[in-house]
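Understanding the architecture of this molecule
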Amino acid sequence: VQLQASGGGSVQAGGSLRLSCAASGRTSGYYRMGWFRQAPGKEREFVAAIRRSGGTTVYADSAKGRFTIYRDDARNTVDLQMNSLQPDDTAVYYCAARTSVTSYSASARSAYDYWGQGTQVTVSS
């Protein structure tokens, strides 16, 4: 499975961006896909995730009400719509995929076995 993240860029505070994660390879029937981010000097942290079956979503507290994760099965992508961006949202954003059922929490890095290369999001005040 290969994951390609895109859509990052630079915006001013209050602006919006939409990130897209394109999956290729053995992607049929993936169990869950998620977005994480890593700011300079900080650990990678969970942002949002979506299950393929039922489309159940999970969000970090920092993303609730501002970010929306959704999947586009026709394009085989999972997108992250980010609104009301703030400077604290500045980070490299990574998409990740889990191809089999797992008991790991959606917010755990260990819950995912494939990772994309990351896309930079910079929010200026």
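Scroll up to find the structure.
Now for a quick tour of the structure. Just so it is clear, the model here is predicted, and its values are computed rather than measured.

1. Some details on the state of the cysteines
- Applying the stated rule across the entire model yields one disulfide.
- Two residues share a disulfide in this structure: cysteine 21 and cysteine 95, whose sulfurs sit 2.2 Å from each other. Because the torsion about its S-S bond is 60°, the bridge between cysteine 21 and cysteine 95 counts as right-handed. Within this pair, whereas cysteine 21 is found in strand β3 (residues 17-24), its partner cysteine 95 is found in strand β9 (residues 91-98), the two being separated by 74 residues in sequence. Neither residue differs from the other here; cysteine 21 and cysteine 95 are each classed as buried.

2. What to know about the pattern of salt bridges
- Scanning the model with the defined rule gives seven salt bridges in all.
- Note that aspartate 89 is salt-bridged to arginine 37, the shortest N-O span being 2.8 Å. With a gap of 52 residues between them, aspartate 89 in the loop between β8 (77-82) and β9 and arginine 37 in strand β4 (residues 32-38) connect regions that are remote in the sequence. Across this residue pair, the class does not change: aspartate 89 and arginine 37 are buried.
- Residue aspartate 89 is joined to arginine 66 by a salt bridge in which the shortest nitrogen-to-oxygen separation is 2.7 Å. Note that aspartate 89 is positioned in the loop between β8 and β9 and arginine 66 in the loop between β6 (57-59) and β7 (67-72), a separation of 23 residues in sequence. In terms of burial, aspartate 89 and arginine 66 fall into one category: buried.
- In the salt-bridge network here, residues are joined through shared partners; they are Arg18, Asp72, Arg75 and Asp79.

3. Let's talk about the side chain of serine 20
- Position of serine 20 among the secondary structure elements: in strand β3.
- Among the polar contacts listed, one links the side chain of serine 20 to the side chain of aspartate 79, at a separation of 2.8 Å.
- Beyond its immediate chain neighbours, meaning those up to four positions away, serine 20 contacts Gln4, Ala5, Ser6, Trp35, Arg75, Thr77, Val78 and Asp79.

4. Examining the sheet that holds β8
- If you walk across this open sheet you meet the four strands as β1-β3-β8-β7, and the pairing is antiparallel. Unpaired on one side and paired on the other, β1 (2-6) and β7 mark the two borders of the sheet. Strand-to-strand twist of the sheet, defined as the mean angle between neighbouring strand axes without regard to direction, takes the value 15°.
- Sheet analysis places β3 next to β8, joined by six bridges and oriented antiparallel. Following the sheet pairing, cysteine 21 is matched in β8 by valine 78.

5. Things to note about the pairing of strand β11 (residues 119-124)
- Side-chain alternation along β11 places Thr119, Val121 and Val123 on a buried face and Gln120, Thr122 and Ser124 on a face that remains uncovered.
- In this structure, strand β2 (residues 9-12) lies alongside β11, joined through four bridges in parallel fashion. Each bridged residue has a counterpart across the sheet, and for valine 11 the counterpart in β11 is valine 123.
- With three bridges joining them, β9 and β11 adopt antiparallel strand pairing. Each bridged residue has a counterpart across the sheet, and for alanine 91 the counterpart in β11 is valine 121.

Cut-offs used in this document
Residues numbered from 1 in each chain as written. Predicted model: local features only at pLDDT ≥ 70, side-chain atom pairs only at ≥ 80, totals over all residues. Heavy atoms only, no water. Disulfide = S-S within 2.5 Å. Helix = DSSP H or I, 4+ residues; strand = E, 2+ residues; numbered from the N terminus. Buried < 20%, exposed > 50% of the residue type's maximum accessible area, 1.4 Å probe, protein only. Salt bridge = Lys/Arg side-chain N within 4 Å of Asp/Glu carboxyl O. Polar contact = N/O pair within 3.5 Å; in protein donor to acceptor, adjacent residues only side chain to side chain. Contact = heavy atoms within 4.5 Å. Pairing = 2+ DSSP bridges. Axes fitted to C-alpha atoms, helices over the stretch in contact; angles between N-to-C directions.

It is worth stressing that arrangement in space is one thing and function is another; only the former is reported here.
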